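# Structural overview for review
Below are the chains, spelled out letter by letter.
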Amino acid sequence: MKAIVYTKYGSPDVLQLKEVDKPTPKENEVLIKVVASSVNEWDNGLISGKGLLTRLLGGLFKPKNKILGADVAGVIEAVGANIKKFKSGDEVFGDIAGAGFGAFAEYVCAPEKMLAKKSQKMSFEQAAALPQAGLLALQGLRYKKPLKAGQHLLINGAGGGVGPIALQYAKSIGATVTCVDREEKFEMLHSLGADELIDYSKTDYTKTGNQYDYILDVTACRSVGDYKRALKPDGVFVMIGGSMGWLIVQMMLIQPLLFKFSNKKLGIMGYRVNTEGLNELSSLFEEGKVSPVIDKSFPLAETANAFRYYEKGTFTGKIVIAINSNAGK
Ligand SMILES: NC(=O)c1ccc[n+]([C@@H]2O[C@H](COP(=O)([O-])OP(=O)(O)OC[C@H]3O[C@@H](n4cnc5c(N)ncnc54)[C@H](OP(=O)(O)O)[C@@H]3O)[C@@H](O)[C@H]2O)c1
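All of the points below concern the structure found in this document. As the structure is a prediction and not an experimental result, all values here were calculated from the model. (Residues numbered from 1 in each chain as written. Predicted model: local features only at pLDDT ≥ 70, side-chain atom pairs only at ≥ 80, totals over all residues. Heavy atoms only, no water.)

## Section: the side chain of Thr275
Put simply, the rule is: A run of H or I in DSSP counts as a helix once it spans at least four residues, and a run of E counts as a strand once it spans at least two, with each numbered from the N terminus. Whether a residue is buried, partly exposed or exposed follows from its accessible area with a 1.4 Å probe, protein chains only, as a fraction of its type maximum: under 20%, in between, or over 50%, in that order. Here a polar contact means two N or O atoms within 3.5 Å. Within protein one must be a hydrogen donor candidate and the other an acceptor candidate, and residues neighboring in sequence count only if both atoms are side-chain atoms. Residue contacts follow a heavy-atom distance rule, with two residues in contact if any of their heavy atoms lie within 4.5 Å.
Assignment of secondary structure puts Thr275 in helix α10 (residues 275–286). Residue classification places Thr275 among the buried positions, given a relative accessible area of 8%. At 2.6 Å, the side chain of Thr275 forms a polar contact with the side chain of Lys85. Ignoring sequence-local partners within four residues, the contact set of Thr275 consists of Lys85, Glu112, Lys113, Leu115 and Ala116.

## Section: the nonpolar core
As a reminder, the rule being used: In this text, buried Ala, Val, Leu, Ile, Met, Phe, Trp, Tyr and Cys residues form a nonpolar core when linked through side-chain atoms within 4.5 Å. These domain boundaries are the output of an automatic or database domain assignment.
Counting 48 residues, the largest nonpolar core has Leu141, Leu153, Ile155, Cys179, Tyr214, Leu216 and Val238 as its most contacted members. A total of 6 residues in this core trace back to one element, the largest contributor, which is helix α5 (residues 162–172). Three or more residues apiece are contributed to this core by two domains, here domain 1 (2–130 + 292–322) and domain 2 (134–268). Discounting chain neighbours no more than four positions away, the residues touching Leu153 are Leu141, Leu147, Ala170, Thr176, Val177, Thr178, Tyr214 and Leu216.

## Some details on the environment of Lys62
Residue position: Lys62 is located in the loop between α2 (52–58) and β4 (71–79). For Lys62 and Asn44, which are 18 residues apart along the polypeptide, the C-alpha to C-alpha distance reads 15 Å. If near-sequence neighbours (up to four positions away) are discounted, Lys62 is found in contact with Thr7 and Tyr9.

## Some details on the sheet that holds strand β11 (residues 212–217)
Hydrogen bonding along the main chain pairs the strands of a sheet, whether they run parallel or antiparallel. Stated formally: For two strands to be treated as a pair, DSSP must find no fewer than two bridges joining them. Each axis is a line fitted through C-alpha atoms, and for a helix only the stretch in contact is used; angles between axes span 0 to 180 degrees, taken between their N-to-C directions.
The 6 strands are arranged β10-β9-β8-β11-β12-β13 in an open sheet whose pairing can be described as parallel. Only two strands of the sheet have a single partner each, and these edge strands are β10 (196–199) and β13 (265–268). On average, each strand axis in the sheet is inclined to that of its neighbour by 15°, with strand direction left out of account. The sheet contact formed by strand β8 (residues 152–156) and β11 spans 4 bridges and is parallel. Considered in β11, the bridge of Leu154 is made with Ile215.

The values are spatial; any link to function lies outside them.
Written as structure tokens, this is what we have:
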């Protein structure tokens, strides 16, 4: 089978299209003929190998997972002996980062607990753009205490994968939403119902004097003091991504003191991949409440170009990798 393989960290140049052996499903796994996958920041981080946390997760000196790709949408070709939920021919989608990635290939094996049946109303490209970003968005808005109708949410880094899903979901439950990103992404965010738009190259949202009930930060890089200042008295700050190390240190050393006499909450959310979460994304999609924003689609052989386009930073929403497109017809 064809797959995008890499054996050393570096720029997208390290991604090579290779012929490799087709995997065989273990007892609790299914074999998926991959129709589409998508680009995630986590994949991009694992290509470059930048940062201690990335190396600890991905391999200290060289990548431990030779084939990346967390999001997967495709058709089941074979099932392991203990599989209960799926059968050959089922159309599925999911996030297999926790099972060693591998979706940038014509076939991949994955545990059934990381998959769900794909909605017939969803294209395979939409199904490939939704899992990781969608689960991060929904779980991020239910951290410690869920976002409620009438509350004011700020999404920092709103123009990529997670932001548009969080924005649509928040609007669907009746929240007011401020989105922070580049001006180039404002048209997309406005079309999805953003109530206020802030350009991060011009304005630091923690220094405007405005306060929010809920802050979802996809690319956090400030101090816990900054975040505390931007929260209303009972506000919640959730870090999804960004400079984890620095915030973890502050949360251990500074936050206990700074938030001692405050109802404000601050934390880092670690997401979970499960069939229930994926099924909820399908229902929200079928109800017309959330839909992934797809910027561009690249064929498997051009996956390196997809990451070069991602790194340029002008993308809006998700970048999809189209693989066995015929299998989806
Ligand atoms: N917590 C967990 O369990 C977990 C699990 C998996 C992944 N993650 C993390 O979750 C995040 C996923 O987010 P995503 O898919 O939405 O990422 P994404 O697609 O890369 O989007 C990030 C957006 O933030 C914008 N941005 C960059 N720097 C910014 C700044 N300083 N201020 C405001 N906006 C800025 C980017 O714009 P530009 O175009 O300017 O770059 C982009 O529009 C990643 O950080 C990933 O590592 C977390």
